[in-house]
Amino acid sequence: MDAPAAHRRFRIEAEEDVGVLRRAVRLQTAGLPGLPEGDAELVATELATNLLRHAGGGQVLTRATGGGMELIAVDRGPGLSAPARDSLAGARITPAPGSPGGLGVGLATVRRRARIFDYYSDDRGTVVLARLGAVPEAVAWVWGGVNVPLGGEGPSGDAFAVAADGCLRAVLVDGIGHGPDAAAAAHAAILALDHAALSTGTAPEAWLTGLVNGAHQELRGTRGAVLGACVIDPVAGQAVFCGIGNINGRVHTATSSPHLVSLPGTLGAEATPPRIRPAVHPWTRGATLIMATDGIDTRWDPAEHPGLTRRHPTVVAAVLHRDHARGRDDAAILVARATGTGQETT
């Protein structure tokens, strides 16, 4: 399975930055099938303009999604006003008389053009997700993530991939260092997901062992990488995790948020693959899997943001990335949960 492309970051601090973003999005979306001409540019312009006018600036993350485009606006402003939230909830598409600005109008425009739209806003700021163009068919799982390379553009040494049938199998990889060589290592490890057995009859521990052994072989001759992998079986009510190196994570529920503990080591660095020690955690209705590379500090806790894990996983990832990215390495967060409602995957 291919890893989603890394995001490109555009800082929005002045009016001219809006034009830079718009032109870049035009190039990124040129020739994409199923994407109405000009839609992505309009959405990018609305998001960036809102950042300037209502939050004093921020950033927009973009990435191609096969037949479409993903845009994520991120700010540290005062949060959406009540009229703006009403607008997005469909109560109205214009702010109430006397309310500040036209934020609701701009985001309502974005929402109408997006195939997937979601947001989260509190007093720490706002994250808005807009996915344009083709989206996968509805399945029982929804997942997403943020992957920003050091410096905001170019290849990322982090990568993630997800495979879903009755169970969900998620892999997050961090190639040693950053830049093209780290990216090559990360994507070599992702290849092991294709080679691992995907049968629902394969025990999670056996699948994880096969994945780690396969990734170790793929990584021979590269810089090496660290890896976290999780198999979620909702019928058995369990999430089985193993990690090699600095991958951290949680299985977050309304009542608990246990850490996923990785063992020391580097895949591809030794003649034999490191041993794994799978850990089993309860998986209950409404649980959310979150895994992060070491470009994200370890202090993150979704419980600090009430209601966050009910939002789209990409929004969850963007909020945590905004607040906890170290800024000196590639940084990626992967988030997944069962839908129960047939929402789309990313």
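Residues numbered from 1 in each chain as written. Predicted model: local features only at pLDDT ≥ 70, side-chain atom pairs only at ≥ 80, totals over all residues. Heavy atoms only, no water.

*Asks:* What is the right way to look at the sheet that holds strand E15 (residues 331–338) in this model?
*Replies:* In a beta sheet, neighbouring strands are held together by backbone hydrogen bonds and run either parallel or antiparallel to one another. Read from one edge of the open sheet, five strands run E6-E15-E14-E11-E12, paired in antiparallel fashion. Looking at the sheet topology across the chains shown, the edges are occupied by strand E6 (141–148) and strand E12 (259–260). Where strand E14 (residues 288–292) and E15 come together, four bridges link them in antiparallel fashion. Along E15, the bridge assignment pairs Met-291 with Leu-334. On the sheet, helix H7 (residues 313–324) packs against E6, E14 and E15 and is oriented at approximately 30 degrees with respect to E6. (Pairing = 2+ DSSP bridges. Helix = DSSP H or I, 4+ residues; strand = E, 2+ residues; numbered from the N terminus. Contact = heavy atoms within 4.5 Å. Axes fitted to C-alpha atoms, helices over the stretch in contact; angles between N-to-C directions.)

*Asks:* Even after reading the chapter, I still don't get the sheet that holds strand E1 (residues 8–12), so can you show me in this structure?
*Replies:* Here we have five strands laid out as an open sheet, ordered E1-E2-E3-E5-E4, and antiparallel in their pairing. The sheet terminates laterally at E1 and strand E4 (116–122), the two strands that pair on one side only. Mean inter-strand twist for the sheet, computed between neighbouring axes without regard to direction, equals 15 degrees. Taken strand by strand, helix H1 (residues 15–29) contacts E1, strand E2 (58–64) and strand E3 (68–74), and its axis lies near 155 degrees from that of E1. Strand contacts of H7: E3, E4 and strand E5 (125–133), with the helix running at about 140 degrees to E5, the strand carrying the most contacts.

*Asks:* Got a minute to help me understand empty space enclosed by the protein in this structure?
*Replies:* Space left empty within the atom packing is revealed by a probe, the size of a water molecule, rolled over the atoms. Evaluation of the coordinates by the stated rule reveals four cavities of 30 Å³ or more. Volume-wise, the second largest cavity comes out at about 40 Å³. Lining the second largest cavity are Pro-4, Ala-5, His-7, Arg-63, Gly-145, Val-146, Asn-147, Ala-159 and Phe-160. Elements represented by at least two residues in the lining of the second largest cavity include exactly E6 and strand E7 (158–164). Broken down by element, the residue count for the lining of the second largest cavity peaks at three residues, all from E6. The class makeup of the residues in the lining of the second largest cavity is five nonpolar, three polar and one charged. (1 Å grid on protein atoms, 1.4 Å probe; cavity = no way out; pocket = protein on both sides within 12 Å on 5 of 7 lines; lining within 4 Å. Points joined across faces, edges and corners; volume = space filled by probe spheres on them. Nonpolar A, V, L, I, M, F, W, Y, C, P; charged D, E, K, R; others polar.)

*Asks:* Just to check I follow, could you spell out the environment of Tyr-120 for this structure?
*Replies:* Turning to its location among the elements, Tyr-120 is positioned in strand E4. Residue class for Tyr-120 comes out buried when judged on its relative accessible area of 8%. Along the chain, Tyr-120 and Arg-85 lie 35 residues apart, while their C-alpha atoms are 10.0 Å from each other. With residues up to four places along the chain from it excluded, the contact list for Tyr-120 reads Gly-125, Thr-126, Val-127, His-305, Pro-306, Gly-307, Leu-308, Arg-311, Val-315 and Val-319. At a separation of 2.8 Å, a polar atom in the side chain of Tyr-120 contacts the main-chain carbonyl oxygen of Pro-306. (Buried < 20%, exposed > 50% of the residue type's maximum accessible area, 1.4 Å probe, protein only. Polar contact = N/O pair within 3.5 Å; in protein donor to acceptor, adjacent residues only side chain to side chain.)

*Asks:* Would you take a moment to explain the layout of surface pockets for this structure?
*Replies:* In this structure, the largest pocket spans a volume of roughly 510 Å³. Lining the largest pocket are 24 residues, and of these Arg-285, Gly-286, Ala-287, Thr-288 and Arg-337 lie nearest its centre. Approximately 370 Å³ is the volume attributed to the second largest pocket. As for the second largest pocket, its lining consists of 21 residues, of which Arg-9, Arg-11, Gln-59, His-321 and Arg-322 are closest to the centre. Taken together, the elements giving at least two residues each to the lining of the second largest pocket come down to E1, E2 and H7.

*Asks:* What's the story with the packing of aromatic side chains in this structure? I'm lost.
*Replies:* The relation between two aromatic rings is expressed through the spacing of the ring centres and the mutual angle of the planes. Evaluated as defined, the whole model comprises two aromatic pairs. Ring centres 6.5 Å apart and planes at 50 degrees place the aromatic pair Phe-117 and Tyr-119 in the tilted group. Since its relative accessible area comes to 17%, Tyr-119 is described here as buried. Plain terms: the ring middles of Trp-141 and Trp-283 are 6.5 Å apart, the flat faces sit at 45 degrees to each other, and that makes the pair tilted. With a gap of 142 residues between them, Trp-141 in strand E6 and Trp-283 in the loop between strand E13 (279–282) and E14 connect regions that are remote in the sequence. For the pair Trp-141 and Trp-283, one class covers both residues: buried. (Phe/Tyr/Trp six-rings, centres within 6.5 Å; stacked < 30°, edge-to-face > 60°.)

*Asks:* Is there a simple way to explain the packing of H1 against helix H2 (residues 39–55) in this structure?
*Replies:* Between two packed helices, the angle of one axis relative to the other and the distance separating the axes together describe the packing. Here H1 crosses H2 at 155 degrees, and the two axes come no closer than 9 Å. Between H1 and H2, the angle falls in the class roughly antiparallel. Between H1 and H2 lies a crossing whose hand is right-handed. Facing H1, whose interface residues are Glu-15, Val-18, Leu-21, Arg-22, Val-25, Arg-26 and Thr-29, H2 presents Ala-40, Glu-41, Ala-44, Thr-45, Ala-48, Thr-49 and Leu-52. Class assignment of the residues belonging to the contact of H1 with H2 gives a composition of seven nonpolar, three polar and four charged. (Parallel < 35°, antiparallel > 145°, perpendicular 65-115°, else oblique. Left-handed = near helix turned anticlockwise from the far one by under 90°.)

*Asks:* Got a minute to help me understand the packing of helix H5 (residues 180–195) against helix H6 (residues 204–218) in this structure?
*Replies:* The N-to-C vectors of H5 and H6 enclose an angle of 140 degrees; their axes lie 8 Å apart at closest approach. Taken together, H5 and H6 sit at an angle that is classed as oblique. As for how H5 packs across H6, the hand of that crossing is right-handed. Touching Ala-188, Ala-189, Leu-191, Ala-192, Leu-193 and His-195 of H5 are Trp-207, Leu-211, Gly-214, Ala-215 and Glu-218, all from H6. Of the residues belonging to the contact of H5 with H6, the class tally is eight nonpolar, two polar and one charged.

Everything listed is a geometric property; what it means functionally is a separate question.
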